[in-house]
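# Geometric and topological summary
Okay, here's what each chain looks like letter by letter:
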Amino acid sequence: MHWGPLCRFLWLCPCLAYLQAMPIHRVQDDSRDLIKTIVTRINDTSHTQSVSSLQRIAGLDFIPGLQPVLSLSKMDETLAVYQQILTRLPPRNVVQILNDLENLRDLLYLLAVSKGCPFPHSSGLKTLESLDGVLEASRYSMEVVTLSRLQASLQDMLQQLDLGPRC
Amino acid sequence: MGITDDGNLKISWSSPTLTPFPLQYQVKYSENSTAIMREVDEIVSATSLLVDSVLPGSSYEVQVRGKRLDGPGAWSDWSTPHFYTIQDVLYFPPKILTSVGSNVSFHCIYKNENKLVSSKKIVWWMNLAEKIPQSQYSVVSDRVSKVTFCNLNATKPRGKFTYDAVYCCSEHECHHRYAELYVIDVNVNISCETDGYLTKMTCRWSTNSIQSLVGSTLQLRYHRRSLYCSDIPSIHPVSEPKDCHLQKDGFYECVFQPIFLLSGYTMWIRINHSLGSLDSPPTCVLPDSVVKPLPPPSVKAEMTVNIGLLKISWEKPIFPENNLQFQIRYGLSGKEVQWKMYEVYDAKAKSASLPVPDLCAAYAVQVRCKRLDGLGYWSNWSNPAYTVVMDIKVPTRGPEFWRIINGDMTKKEKNVTLLWKPLMKNDSLCSVRRYVINHQTSRNGTWAQDVGNHTRFTFLWTEPAHTVTILAVNSVGVSVANFNLTLSWHMSKVHIVQSFSAYPLNSSCVILSWMLSPSEYKLMYFIVEWRTPNEDNEIKWLRIPSSVKKYYIHDHFIPIEKYQFSLYPIFVEGVGKPKIINTFIQEDIEKHQNDAGLYIVVLIIISSLVLLLGTLLISHQRMKKLFWEDVPNPKNCSWAQGLNFQKPETFEHLFFKHTDSVTFGPLLLEPETISEDISVDASWKNKDEMAPATVVSLLLATSDLGKRSFCASDQCNGANFSDAEGTEVTCEDESRRQPSVKYAMLVSNSKSSETDEEQGLINSSVSKCFSSKNSPLKDSFSDTSWEIETQAFLILSDQHPKIISPHLTFSEGLDELLKMEGNFPEENHDEKSVYYLGVTSVKKRESDVFLTDASRVLYPFPAHCLFTDIRILRDSCSHLVENNFNLGTSVKKTFVSYMPQFQTCSTQTHKIMENKMCDLTV
């Protein structure tokens, strides 16, 4: 019954070691810069720029959209979903974005630790594996919509980071 | 079989294949050495057996057989025996591979001549060259010695040997076997660079320091940390190898793509060798910290209009998102651009404006960037951007100009041509489209004329004052600061340049200097104008500030040309009067260059003068001595009876005593050099008649000189005289005479006669010819208004042996004596102006000559040459003075008595020079 606090403490130890070596403001700056970098990468992918924001794409509701308030944990959860989806896309275009997302999640983790927030790593969607068939059939749509929504989500996260996100 | 690092004998074998159950092994070995001989039989489950306490020089025979470990089974056959002999020196470990800075130890058991050497007596040597200090030894047992090396340095290859040989020796003997020590420098520098798109990290490392180890392989291994690097990177037990490729430059290059921008990549190089593996010190790289950004795009450069700055603009590259600093380099566009640098630390800045010296030149500009926090690398320089030369501002000033006035200067209407130099880019900023001339006169007011892009313009100057201004116009506007020039009739007469001189330095430079006099007008500047007079159109000019008094003109001056320099003072009120000089460039240059030569010439001239003066002084002394020898013996002179001639100061007294009625001129005791040839050419200026030419020569010369000087021509003798005056002239036969007159003196106390100028000239000639009757001539002379005073000639000859030196006294007694001689014509005794008395031959003194104004002949003169009255017009004296002899004003100086008997007398009333006395040798 007393294993919970102990495990949390052990989990926090390496994070605290990070924070001790790395000033938190640098973590914040790096988070912002990395979000901007990912956004720029998506912008640099030419075919994503032609997607109209006015036209709703049906059948891809599992891809996260804009959310009114993003906490750190919610951010991590959203990014985990995108990672899951992007992993199934052709690696040529998105592999670097995947790595960036992983770094970003680590940064959010550090930020959460710095705030003393419980921050369980999200494992993404459990039902996503069943959608492999959909992904196979609409690879282009998946890629365009995913990147487009990821870009929007990242810009939203950027604003949240400037405001000081909750746990 | 082999010796382990611990000094044990390791017996190992391989298990039989395809055995489905584990085995046990029975090992049988025999040890044979000088000390012991034994047989051992052991059963083990492993595939090796360690035998301790091995001794150098021992030999082992080993056999192994196997059997099922559990359950029933039988032993296999014994393997074939294996033999192993341990050397007399046993090193363990026999070889060590280690890295620089590490510590290692070798053990040794040494058997010498079948006897183990005590560990206390073992010494260690390195490479058979240096003994290892005993402080590094330690005794492990009575048989085992240990040496330790601390903080090892890299092994220096010796030829093909890439290791150090470590020897275990007795005190005085080393066995030839040795241990091998390989020390490798594994400090491999790994440098990484992330590309501008943040997708690839390239790491490079060199193998130069570890190439010496033959048979080794190198591998980069890394471990990625999720975020950032630890403070002290360490080799993680879990690592991945990274493929690297050797490049032409000897570097290995490894590419990480894709990358985790914020993950720490800890990397190291692993050296694999048969002796073991070594790892280089690990390096941690954060890809985000080693970014080499893309160069800034869209770099543009331009010169800002009306501001005049070089404006450079750029854009931030898409990556990285960090704040960036920028570096600008710019320079005049050309083959080899001399770059100037400018730093921009404002991350948001996208442009910079820089002052540049030349606004009208094309500049090349490049920009690069780097993270503002200093991490990473500078990007490459952007593609160069170039400025376009265009008008930046209005011209800073109008052109400097000057005028040429054409036509008659005396007329009121003159054609004036304005000349100006085209504005350079620095002044026009950067071009001139046209020039505009503003005129201003009191009567016609102000008007402007557009003259296009020409540089000269002619207009008519009609009013007393006419002011012109030339404006320069470009695409931006009209020049603000302009020069005025007022053409003024009145001011053209104002002269303030006192002096003006030009000194050519060389063919390319002339120094001008000038002095000014005070002026009430306000001086603005000067204009210097120069030209070659031969080339009318070639006029050059310069504007010089008013404060300058010396100026260097640089031009190509042709050395042989003559140049005219003019200095114009320019006042507010108008152009002043110029000072004009002419200069020969070559002459002046040579003058400067030959100053030293000039000084030498002057010195030579001075020396020559001194020498001449000395010669004259010597001659003077000799003459003085000569004449004093000729002083007649006063005891033979009647007038000198009773006088003491031993006292020179009484000379004057001598004269006073005997010449009561005679006025003496200044007693000139010092004879002077009179080696002159005096010719008096006088001609009658009367309208009706011309006097015969007469030449009066006073000579002290050799015979040649006298011959030349005495004009002994027929035409100059009787002919002229007789024709003109009816005077008998006795001419001496030239063939008989070879006059060598040694001395001649004309003495006079005459006063200068200013009235002589009114008289005509008489050409008189005193030479070998003299007129015997001079009364007509004399009369004719008396008609004139001469004021010739008494003069006398004395001519000493050394070539007339018959002339007797008279040694006569000079008084009335002389007349008497002359009368007694009876050869002198007695005429005009009232004209008693006989002044001279003695002529002597230098050589023989045989002849004396007496000349009286009454007789005007010489006696006892040889018949062939009579000396009579010779009258010299004052005017002719003037002529004489002008040409040869200064008789007019310096007669007193010129004619000096040389003996005390000599006297001068006062002039006659009609001021005619009465008598002449001469001594002619024939």
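An unreviewed UniProt entry annotates chain B as Leptin receptor of Carlito syrichta. The UniProt entry for chain B carries the following text under Subunit (unreviewed entry): "Present as a mixture of monomers and dimers. The phosphorylated receptor binds a number of SH2 domain-containing proteins such as JAK2, STAT3, PTPN11, and SOCS3. Interaction with SOCS3 inhibits JAK/STAT signaling and MAPK cascade." Recorded in UniProt for chain B, the comment headed Function (unreviewed entry) runs: "May transport LEP across the blood-brain barrier. Binds LEP and mediates LEP endocytosis. Does not induce phosphorylation of and activate STAT3."

Going by an unreviewed UniProt entry, chain A carries the name Leptin and comes from Carlito syrichta. As its UniProt record puts it under Sequence similarities (unreviewed entry), chain A is described as follows: "Belongs to the leptin family." Per UniProt, the comment on chain A under Subcellular location (unreviewed entry) is "Secreted".

### Let's talk about the overall build of chain B
A tally of regular secondary structure across chain B gives ten helices and 53 strands. A burial count over chain B gives 48% of its 922 residues as buried. By sequence separation, contacts in chain B at least 24 residues apart represent 69% of the contacts at least 6 residues apart. Put simply, chain B shows about 45500 Å² of open surface, and 50% of that area lies on carbon and sulfur atoms.

### Focus: the sheet that holds strand β5 (residues 48-51) of chain B
Residues and elements named next belong to chain B. With antiparallel pairing, three strands are arranged side by side in an open sheet as β1-β2-β5. Of all strands in the sheet, those bounded by a partner on one side alone are β1 (2-3) and β5. In this structure, β1 lies alongside strand β2 (residues 9-12), joined through two bridges in antiparallel fashion. Looking across to β2, one finds that Gly2 is bridged to Lys10.

### Let's talk about the interface of chain A and chain B
At the interface, 22 residues of chain A touch 22 residues of chain B. Carbon and sulfur atoms supply 56% of the area buried between chain A and chain B, which totals about 1900 Å² over both sides. Where chain A touches chain B, the interface holds one salt bridge. The salt bridge partner of Glu102 of chain A is Arg224 of chain B, with a shortest N-O separation of 3.3 Å. Connecting chain A to chain B are twelve residue pairs in polar contact (both at pLDDT 80 or more). Sorting the residues of the side of chain A that touches chain B by element identifies α1 (3-21), α2 (24-44) and α4 (91-115) of chain A as the ones contributing at least two each. Residue contributions to the side of chain A that touches chain B peak at ten residues, all from α2 of chain A. By residue class, the composition of the side of chain A that touches chain B is eight nonpolar, five polar and nine charged.

### Points about the pattern of salt bridges
All names here are of chain A. Overall, the coordinates contain 19 salt bridges over all chains when judged by the stated rule. For Asp30, the salt bridge is made with Arg26, and the minimal N-O distance between the two is 3.3 Å. Highlighted residues: Asp30 and Arg26, both in helix α2, separated by four residues, approximately one helical turn. A relative accessible area of 24% places Arg26 in the partly exposed class. What emerges from the salt-bridge pattern is a single network uniting Asp29, Arg32 and Asp162.

### Brief notes about the confidence of the model for chain B
All names here are of chain B. With 65% of its residues at a pLDDT of 70 or more, chain B has an overall mean of 74. Here residues 648-922 is modelled with pLDDT under 50, and outside its nearest four sequence neighbours on either side it reaches 686 contacts, counting other chains as well. Two numbers describe this predicted complex: its pTM, 0.59, and its ipTM, 0.88.

### Examining the nonpolar core
The biggest cluster of nonpolar side chains holds 68 residues, and the ones touching the most others in it are Leu150 and Leu154 of chain A together with Leu220 and Met267 of chain B. With twelve residues, α4 of chain A is the largest single contributor of residues to this core. Membership of the second largest hydrophobic core comes to 29 residues, among which are Leu419, Tyr435, Ile470 and Leu485 of chain B.

### So, helix α6 (residues 139-163) of chain A
When the terminal C-alpha atoms of α6 of chain A are compared, their 36 Å separation across 25 residues agrees well with the 36 Å that a helix rising 1.5 Å per residue should span. Of the residues trailing α6 of chain A, Gly164 of chain A is marked for its positive phi of about 95°.

### Notes on the environment of Cys284 of chain B
Residue and element names in this part refer to chain B. Summarising the element assignment, Cys284 is placed in strand β26 (residues 283-285). Taking the C-alpha atoms as reference, Cys284 lies 9.9 Å from Ser191; in sequence the two are 93 residues apart. Excluding residues that lie within four positions of it along the chain, Cys284 makes contacts with Cys229, Pro233, Gly264, Tyr265 and Thr266.

### Side note on the packing of aromatic side chains
Residue and element names in this part refer to chain B. By the definition in use, this model includes 23 aromatic pairs over all chains. Note on Phe161 and Tyr163: the rings are 6.0 Å apart at their centroids and 75° apart in plane angle, and the pair reads as edge-to-face. We classify Phe161 as partly exposed; its relative accessible area is 40%. Between Trp314 and Phe326 the ring centres are 5.1 Å apart and the planes differ by 45°, which places this aromatic pair in the tilted class. In this pair, Trp314 sits in the loop between β28 (310-313) and β29 (324-332) while Phe326 sits in strand β29, placing the two residues twelve residues apart along the sequence. Each member of the pair, Trp314 as well as Phe326, carries the same accessibility label: buried.

### Some words on the sheet that holds strand β23 (residues 251-256) of chain B
All names here are of chain B. Strand order across the open sheet formed by four strands is β18-β19-β23-β22, with antiparallel pairing between neighbours. The strands lining the two open edges of the sheet, one partner per strand, are β18 (190-194) and β22 (244-246). Across the sheet, the axes of successive neighbouring strands diverge by a mean angle of 25°, strand direction being ignored.

### Things to note about the packing of α2 of chain A against α6 of chain A
Residue and element names in this part refer to chain A. At a minimum axis distance of 9 Å, the contact between α2 and α6 shows a crossing angle of 155°. Classified by the interaxial angle, the pair formed by α2 and α6 is roughly antiparallel. At the point where α2 passes α6, the crossing takes the left-handed sense. For the pair formed by α2 and α6, the contact residues are Ser31, Arg32, Ile35, Lys36, Ile38, Val39, Ile42 and Asn43 on the first element and Leu147, Leu150, Gln151, Leu154, Gln155, Met157, Leu158, Leu161 and Asp162 on the second. Here the contact of α2 with α6 is built from residues that sort into ten nonpolar, four polar and three charged.

### Side note on the state of the cysteines
All names here are of chain B. For the coordinates displayed, the defined rule picks out seven disulfides over all chains. Between the sulfur atoms of Cys169 and its disulfide partner Cys174 the distance amounts to 1.8 Å. Here the S-S torsion is close to 100°, and the disulfide linking Cys169 with Cys174 is therefore right-handed. If the cysteines joined by disulfides in chain B are listed in sequence order, their pairing comes out as 1-2, 3-4, 5-6, 7-10, 8-9, 11-12.

### Let's talk about unusual backbone geometry
The phi torsion of most residues other than glycine is negative, and most of the peptide bonds are trans. All names here are of chain B. Put simply, Phe92 and Pro93 share a cis peptide bond, and its omega is -5°. Its place among the elements puts Pro93 in the loop between β8 (89-92) and β9 (95-99). With an omega of 5°, the peptide bond running from Leu429 to Cys430 counts as cis. Here the phi dihedral of Asn151 falls at roughly 45°; this positive angle occurs in a residue that is not glycine. In this structure, Asn151 sits in the loop between β15 (144-149) and β16 (164-169). Overall, the relative accessible area of 56% leaves Asn151 in the exposed class.

### Considerations on the packing of α4 of chain A against α6 of chain A
Residues and elements named next belong to chain A. For the pair α4 and α6, the least separation of the axes is 13 Å and the interaxial angle reads 25°. Relative to α6, the element α4 is oriented roughly parallel. At the point where α4 passes α6, the crossing takes the left-handed sense. Every residue of α6 that contacts α4 at Asn93, Val94, Ile97, Leu101, Leu104, Leu108 and Leu111 is listed here: Glu143, Leu147, Leu150, Leu154 and Leu161. Residue composition of the contact of α4 with α6, grouped by class: ten nonpolar, one polar and one charged.

### Concerning a nonpolar patch on the surface
A cluster of nonpolar side chains, Leu598, Tyr599, Val602, Ile606 and Val610 of chain B, forms an exposed patch at the surface whose accessible area comes to about 480 Å². Along the chain, Tyr599 of chain B turns up in helix α3 (residues 595-629).

### Describing the pairing of strand β31 (residues 351-354) of chain B
Residue and element names in this part refer to chain B. Of the two faces of β31, the one holding Ala352 and Leu354 is buried and the one holding Ser351 and Ser353 is not buried anywhere. Here β28 pairs with β31 via four bridges, running antiparallel. Bridging from a neighbouring strand, Ser313 pairs with Ser351 of β31.

### Some words on the environment of Ile96 of chain B
All names here are of chain B. By secondary structure assignment, the location of Ile96 is in strand β9. On the basis of relative accessible area, Ile96 is assigned to the buried category, the value being 11%. Between the alpha carbons of Ile96 and Ala179 there is a distance of 8.2 Å; along the sequence they are 83 residues apart.

The rules behind these values
- Residues numbered from 1 in each chain as written.
- Chains lettered and ligands numbered in written order.
- Predicted model: local features only at pLDDT ≥ 70, side-chain atom pairs only at ≥ 80, totals over all residues.
- Heavy atoms only, no water.
- UniProt positions renumbered as here; feature names shortened; annotations may be inferred.
- Helix = DSSP H or I, 4+ residues; strand = E, 2+ residues; numbered from the N terminus.
- Buried < 20%, exposed > 50% of the residue type's maximum accessible area, 1.4 Å probe, protein only.
- Contact = heavy atoms within 4.5 Å.
- Areas by Shrake-Rupley, 256 points an atom, 1.4 Å probe, with all protein chains shown as cover.
- Pairing = 2+ DSSP bridges.
- Buried area = accessible area lost by both parts, 1.4 Å probe.
- Salt bridge = Lys/Arg side-chain N within 4 Å of Asp/Glu carboxyl O.
- Polar contact = N/O pair within 3.5 Å; in protein donor to acceptor, adjacent residues only side chain to side chain.
- Nonpolar A, V, L, I, M, F, W, Y, C, P; charged D, E, K, R; others polar.
- pLDDT = per-residue confidence, 0-100.
- Core = buried A, V, L, I, M, F, W, Y, C linked by side-chain atoms within 4.5 Å.
- Expected span 1.5 Å × (residues − 1).
- Phe/Tyr/Trp six-rings, centres within 6.5 Å; stacked < 30°, edge-to-face > 60°.
- Axes fitted to C-alpha atoms, helices over the stretch in contact; angles between N-to-C directions.
- Parallel < 35°, antiparallel > 145°, perpendicular 65-115°, else oblique.
- Left-handed = near helix turned anticlockwise from the far one by under 90°.
- Disulfide = S-S within 2.5 Å.
- Patch = residues over 30% accessible without salt bridge, like charges linked within 9 Å, V, L, I, M, F, W, Y side chains within 5 Å.

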